[in-house]
Amino acid sequence: MTSEIRICNFFRLTTTAGKVHRFQNYFIGESKTFNGEVYLFSPFQADGALASLNGDNQQLRVLFPSQEVSIRLVEEGDGNRLSVLALTTLWTNASGALNGAQYTDYFVGVGATFNEDTIELRFRSSMDSVGAGFPARVLSVDNVGILPLDAALSLQ
Amino acid sequence: MSQTFPTLKPSQRQFTLGAFPTKVYRSLAGTTVKRSYGNKPSGFGLTLEFSNVGDAIVLQILNHYNVTNGGFSRFALPSSIFAGMSAALIAQVQAPYNIRWEYVSAPSVQSVYNGISTVSVELLGELDV
């Protein structure tokens, strides 16, 4: 028995300057209109955790080749600091229809790393701290430890 | 800027279709799940041989290898490379999905006689986005 799946990621990044970058990674060399917006092709890959039970923000990594659009994305986006990423995972079919199941997760940019052939954008999940164990409470050393300087909180 | 391959007719030609980007997960139970990562094939292959050609033709091929930076710059292939095929078949193999070609390795030149050689060329066709 064989199952066949075709998954496309739609990457919508809003930098702190308000500039929006939109890319998709399945339809090679094509522009795709999704939710009324045009997404250009870029061969990126996304991997990492979406959420965790403890409420500490998990890291997501998006890897781009060092091509002009991705370098510009980082350089004009304040190094991916505090950018907002909406990453939609969508199931498509052999004819490329975009009406399959889809899930959108939101992340906050925490930085980027360059090397000679790739650019890594790092994000942390933005909604983890709002969970069942975190209702209407005040952050204190008792429940989150020493307050960190970044978005990574860890419930005690 | 890349340059089109010299307008030559090969003595032998072997074409291999590209592959679609997929990955297979096989469970312990033997079931498989295939994931597709893109909607176009890549990695087309083309091997050409120019048998018993003169030095001028050998020079054309070697110069082309050098001006395309020896496999770094991609280029187009002229229709003469696919001489003998029907127009419909040429459309399938010359530049399917707008691929462009690059050298896999340096051309190989085998001397046959004074001023006569056999040149082998191995090319790779990749998506250019």
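You'll find the structure just up there.
Heads up: these notes are all about the structure in this document. This one's a predicted model, so the numbers in the text were calculated from it and none came from an experiment. Residue numbers here run from 1 along each chain, matching the order of that chain's written sequence. Chain letters start at A and ligand numbers start at 1, both assigned in the order the entries are written. Whole-chain, interface and lining totals are the exception, using all residues; otherwise, since this is a predicted model, local features are given only for residues with pLDDT of at least 70 and side-chain atom pairs are given and counted only at 80 or more. Side-chain measures here rest on the full set of heavy atoms in the structure, leaving out hydrogens and waters.

**Side note on the interface of chain A and chain B**
Contacts between residues were defined by any pair of non-hydrogen atoms, one from each residue, lying within 4.5 Å. Across the contact, 14 residues belong to chain A and 12 residues belong to chain B. Computed with a 1.4 Å rolling probe, the buried area is the accessible surface lost when two parts are put together, summed over both parts. Of the roughly 1,200 Å² buried where chain A meets chain B, counting both sides, 56% is carbon and sulfur surface. Each salt bridge in this description consists of a side-chain nitrogen of Lys or Arg and a carboxyl oxygen of Asp or Glu lying within 4 Å of one another. Counting across the chain A and chain B interface gives one salt bridge. Of the charged contacts in the structure, one is a salt bridge between Glu30(A) and Lys40(B), with a shortest N-O distance of 2.7 Å. Whenever a nitrogen or oxygen atom comes within 3.5 Å of another N or O atom, the pair is scored as a polar contact, on the condition that within protein one atom can donate a hydrogen and the other can accept it, and that pairs from neighbouring residues in sequence are kept only if both atoms are in side chains. Linking chain A with chain B are 10 residue pairs in polar contact (both at pLDDT 80 or more). Numbering of helices and strands runs from the N terminus; a helix is a DSSP stretch of H or I covering at least four residues, while a strand is a stretch of E covering at least two. Broken down by element, the residue count for the side of chain A that touches chain B peaks at six residues, all from strand E1 (residues 2-14) of chain A. Here the side of chain A that touches chain B is built from residues that sort into seven nonpolar, four polar and three charged. In this count, Pro and Cys sit with the nonpolar residues alongside Ala, Val, Leu, Ile, Met, Phe, Trp and Tyr, while Asp, Glu, Lys and Arg are called charged and the others, Gly among them, polar.

**Notes on the packing of aromatic side chains**
Each aromatic ring pair is summarised here by two numbers: the centre-to-centre distance and the angle between the ring planes. Note on aromatic contacts: the rings of Phe and Tyr and the six-membered ring of Trp form a pair at centre separations within 6.5 Å, being stacked when their planes are under 30 degrees apart, edge-to-face when over 60 apart, and tilted otherwise. Following the criterion strictly, the structure yields 15 aromatic pairs over all chains and no others. When the ring of Phe11(A) is compared with that of Phe64(A), the centres are 5.3 Å apart and the planes differ by 80°; the resulting orientation is edge-to-face. Of the two residues, Phe11(A) sits in strand E1 while Phe64(A) sits in strand E6 (residues 59-65), which places them 53 residues apart along the sequence. Summarising the aromatic geometry, the rings of Tyr65(B) and Tyr103(B) are spaced 5.0 Å apart at their centres and angled 85° between planes, so their arrangement reads as edge-to-face. Here Tyr65(B), found in helix H1 (residues 55-67), pairs with Tyr103(B), found in strand E5 (residues 100-103); they are 38 residues apart in sequence, far enough to count as distant. Comment: the charge-over-ring label is applied if NZ (Lys) or CZ (Arg) is within 6 Å of the ring centre and within 35 degrees of the ring normal. A cation over an aromatic ring shows up here: Lys32(A) above the ring of Phe27(A), its NZ or CZ 4.4 Å from the ring centre.

**Structural notes on the pairing of strand E8 (residues 102-114) of chain A**
Residue and element names in this part refer to chain A. Note: strand E7 (residues 81-92) against E8, eight bridges, orientation antiparallel. Bridging across to E8, Val84 finds its partner in Val108. Should DSSP find at least two bridges between two strands, the strands are regarded as paired. By the bridge criterion, seven bridges tie E8 to strand E9 (residues 118-125) in an arrangement that is antiparallel. Bridge pairing in E9 places Gly109 opposite Phe123.

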